[in-house]
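Residue-level structural notes
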Amino acid sequence: MSKFTVEHKIDAVDRYQKQLESVDKIARSIGANKEVVRMWIKQYEYHGLVAFEKSYTSYTTQFKMDVLHYMNENGASPNEAAVIFNISSPALIRKWRIQLSTIGIDALFSKKKGRPSMIKKPTKQVIQASVEGSVEVLEARIKQLEMENEYLKKLNALVQNKEKSPTKTKRK
């Protein structure tokens, strides 16, 4: 599928409005589907040149629900709804409708695009500086020191027991 510039679209609409050519003839001459050209014409009629401006937008859940509700209430097709709400592709509306019917409203919530950002982990110094002096930190430090003392006492006792008991070696 080829991409068409804004100038191509405006030219096609202009040729149609001046009744120089039919939609079929315009579509064949630029290598587009006639339904696409019809959609350009309708979009231009509804929104003017704004309809052809590129917009990278993320639609809100409420907007998606409004579009789907409009389609249900008025019996509009995805193509008509795309023209009326200035949505770039009717396929997007079809996707919303399928997601709503299969998964539910949760599927219509916008997802964050791209890779997740790296979370910078704070260094230990920053953590200690921010909570140094708090009761919990001091109690944890006391407990750690007590465990170190117990360990050293047991180690010292083992070393002293080894020194007291003579090792017996038998010689032949």
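So, a few notes on the structure that sits alongside this text. (Residues numbered from 1 in each chain as written. Predicted model: local features only at pLDDT ≥ 70, side-chain atom pairs only at ≥ 80, totals over all residues. Heavy atoms only, no water.)

Glancing now at helix α4 (residues 61–74). Taking 1.5 Å per residue as the helical rise, α4 with its 14 residues ought to reach 20 Å, and the 20 Å between its terminal C-alpha atoms agrees with that figure. All of the buried residues in α4 are T61, K64, V67, L68 and M71. Down the axis of α4, the buried side of the element spans an arc of 130 degrees, and every buried residue falls inside it. When the buried face of α4 is taken as reference, the exposed residues oriented beyond 90 degrees from it are Q62 and E73. Elements in contact with the buried residues of α4: α5 (78–84) and α6 (90–102). In the stretch just after α4, G75 is the one whose phi turns positive, near 65 degrees. (Helix = DSSP H or I, 4+ residues; strand = E, 2+ residues; numbered from the N terminus. Expected span 1.5 Å × (residues − 1). Buried < 20%, exposed > 50% of the residue type's maximum accessible area, 1.4 Å probe, protein only. Arc of directions from axis to C-beta. Contact = heavy atoms within 4.5 Å.)

The next point concerns the side chain of K9. Relative to the assigned elements, K9 resides in helix α1 (residues 6–17). No salt bridge is formed by the buried K9. Its closest oppositely charged neighbour is E7, at 9.8 Å. If we ignore the near neighbours within four places in the chain, the residues touching K9 are F4, W40 and F52. (Lys, Arg positive; Asp, Glu negative; His and termini not counted. Salt bridge = Lys/Arg side-chain N within 4 Å of Asp/Glu carboxyl O.)

Our focus in this paragraph is the packing of α4 against α6. Two elements in contact, α4 and α6, have axes separated by 10 Å at closest approach and are oriented at 90 degrees. As summarised for this structure, α4 and α6 are arranged roughly perpendicular, according to the angle between their axes. Residues F63, K64, M65, V67, L68 and M71 of α4 touch α6, and the partners they reach there are I93, W96, R97 and L100. (Axes fitted to C-alpha atoms, helices over the stretch in contact; angles between N-to-C directions. Parallel < 35°, antiparallel > 145°, perpendicular 65-115°, else oblique.)

Tallied over the full model, the rule gives four aromatic pairs. A ring pair is formed by Y59 and F63, whose centres lie 5.1 Å apart and whose planes are at 15 degrees; its orientation type is stacked. Taking relative accessible area as the criterion, Y59 reaches 14% and is therefore assigned buried. Here Y70 and F85 contribute two aromatic rings whose centre-to-centre distance is 5.4 Å and whose plane-to-plane angle is 80 degrees, an arrangement assigned as edge-to-face. Placement of Y70 in helix α4 and of F85 in the loop between α5 and α6 is noted, with a sequence separation of 15 residues between them. The partly exposed category is assigned to F85, whose relative accessible area is 23%. (Phe/Tyr/Trp six-rings, centres within 6.5 Å; stacked < 30°, edge-to-face > 60°.)

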